[in-house]
Amino acid sequence: MSNATVCLCFDFDAVSGWIHGHGATDSPVKLSRGRYGPEVAAPRILNLFDRLDVPATWFTPGHTIESFPEICGEVHDRGHDVQHHGWHHTPPAKFAGREAERADFERGIETIRDLTGEKPTGYRSPSWDFSAHTLDILQELDFEWDSSLMGHDFEPYRVRELPTADSDEPYVAGEETDLLEFPVSWHRDDWPSLQFTPGRSGRPLPDEEAVFDGWYEQFDWMYENVEDGVFTLTMHPQVTGQPPRLRYLEAFVESVRAKQDVEFALVNDVARGII
């Protein structure tokens, strides 16, 4: 049986996702939903992962780090990895231009460096969105890997330069770069199925446990069909950290761990093994 790797990831948006990413609101109700992530959910998740002895990659906006430094420091101190998720939780295409986007990148880098003592090597874009400048900025700032794109499901690949995408001409993919991609999917993300956002989404699925069962079915397919597959799961503390969902996450981890030749790993460690 082939080896399989599972990368458990959290997008630690906290309130920045509501201020900058999910409708730009100052609603006290919505901001309280964001505050729930660092103040209630994250400690529960960290305790669970201590007990399960599994690592996680926390893509953390600089805004979250500066707003909730204690819990972000605890994420790092407990052996998890803090990687770049913007300073603001602003989709790159929404910046006024290249200069503003790069400034946000640089501010996020320095915030993470202040927290961990190290420059981040990986990036996940807010809302899984690139601008025309994002790839160039990632290369200029010496990022080694990204986890925002959807060009595969369970196999890392090299990000390509911007394609030729003219509606009247054949699609032409750009040349491969050195930037390594760990693909994501909305089907392996807790937000669409479990987070109700008035005016922006329908109601969450009534059978919440089925969401986690679906993740396991995707993992099982990868395990049986993909040599050295990498299963990247995206969660948000304010979503998966709500009861009783951590019970379902624990069952998912235990079911995956029951398979032979399965490793839980930080995305950065997997990247270093490939690069």
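Throughout what follows, the structure given in this document is the object of discussion. (Residues numbered from 1 in each chain as written. Predicted model: local features only at pLDDT ≥ 70, side-chain atom pairs only at ≥ 80, totals over all residues. Heavy atoms only, no water.)

Turning our eyes to something else, we now look at the packing of aromatic side chains. Across all of its chains, the model carries 19 aromatic pairs by this definition. Judged by centre distance (5.8 Å) and plane angle (45°), the rings of Trp 18 and Trp 191 are tilted. A residue pair is termed long-range when its members are at least 10 positions apart, and Trp 18 in helix α1 (residues 16-21) and Trp 191 in helix α7 (residues 190-194) qualify at 173 residues. Exposure remark for Trp 191: the relative accessible area of 13% places this residue in the buried category. Ring geometry for Phe 59 against Trp 145: centres 5.9 Å apart, planes inclined by 80°, an arrangement best described as edge-to-face. Residue Phe 59 is located in strand β2 (residues 57-60), and its partner Trp 145 is located in strand β5 (residues 145-146); the two are separated by 86 residues in the primary sequence. The two residues Phe 59 and Trp 145 agree in class, both being buried. Among the aromatic side chains, those forming a connected cluster through ring pairs are Phe 154, Phe 212, Trp 215, Tyr 216, Phe 219, Trp 221, Tyr 223, Phe 231, Tyr 248 and Phe 252. We note Lys 119 situated over the ring of Phe 143; from NZ or CZ to the ring centre the distance is 4.7 Å. (Phe/Tyr/Trp six-rings, centres within 6.5 Å; stacked < 30°, edge-to-face > 60°. Helix = DSSP H or I, 4+ residues; strand = E, 2+ residues; numbered from the N terminus. Buried < 20%, exposed > 50% of the residue type's maximum accessible area, 1.4 Å probe, protein only. Lys NZ or Arg CZ within 6 Å of the ring centre and 35° of its normal.)

Another point: the nonpolar core. Within the largest apolar cluster, 46 residues are counted, with the highest numbers of intra-cluster contacts made by Leu 8, Phe 49, Trp 58, Phe 219, Phe 231, Leu 249 and Phe 252. Elements supplying a minimum of two residues to this core: β1 (4-11), α2 (28-52), α4 (69-77), α7, α8 (208-225), β8 (229-235) and α10 (245-257). The biggest single contributor to this core is α8, with seven residues. Apart from the residues within four sequence positions on either side, Phe 49 is in contact with Leu 8, Phe 10, Val 54, Ala 56, His 80 and Leu 249. Ranked by size, the runner-up nonpolar core spans eleven residues in total, among them Trp 145, Ala 265, Val 267 and Ala 271. (Core = buried A, V, L, I, M, F, W, Y, C linked by side-chain atoms within 4.5 Å. Contact = heavy atoms within 4.5 Å.)

A word on the environment of Ala 4. Mapped onto the elements of the fold, Ala 4 is located in strand β1. For Ala 4 and Met 222, which are 218 residues apart along the polypeptide, the C-alpha to C-alpha distance reads 8.0 Å. Residues in contact with Ala 4, not counting those within four places in the same chain, are Phe 219, Met 222, Tyr 223, Gly 229, Asp 261, Val 262 and Glu 263.

A word on the pattern of salt bridges. In a structure, side chains of opposite charge can pair up when their charged atoms sit close to one another. On inspection of all chains with the given rule, the structure shows 15 salt bridges. Here Arg 78 and Asp 50 are joined by a salt bridge, their closest N and O atoms 2.6 Å apart. With Arg 78 in the loop between α4 and β3 (81-84) and Asp 50 in helix α2, the pair connects residues that are 28 residues apart, well separated along the chain. Connected through salt bridges with shared partners, the residues Arg 98, Arg 102, Glu 106, Asp 136 and Glu 140 form a single ionic network. (Salt bridge = Lys/Arg side-chain N within 4 Å of Asp/Glu carboxyl O.)

All right, on to unusual backbone geometry then. Cis geometry marks the peptide bond from Pro 243 to Pro 244; its omega dihedral reads 0°. The topology assignment puts Pro 244 in the loop between α9 (237-240) and α10. Residue Ala 14 is not a glycine yet carries a positive backbone phi of 50°. By the secondary structure assignment, Ala 14 is in the loop between β1 and α1. The class for Ala 14 is buried, based on a relative accessible area of 2%. Of note, Asp 53 is a non-glycine position whose phi angle comes to about 60°, a positive value. In this structure, Asp 53 sits in the loop between α2 and β2. On the accessibility criterion, Asp 53 (66% relative accessible area) is exposed.

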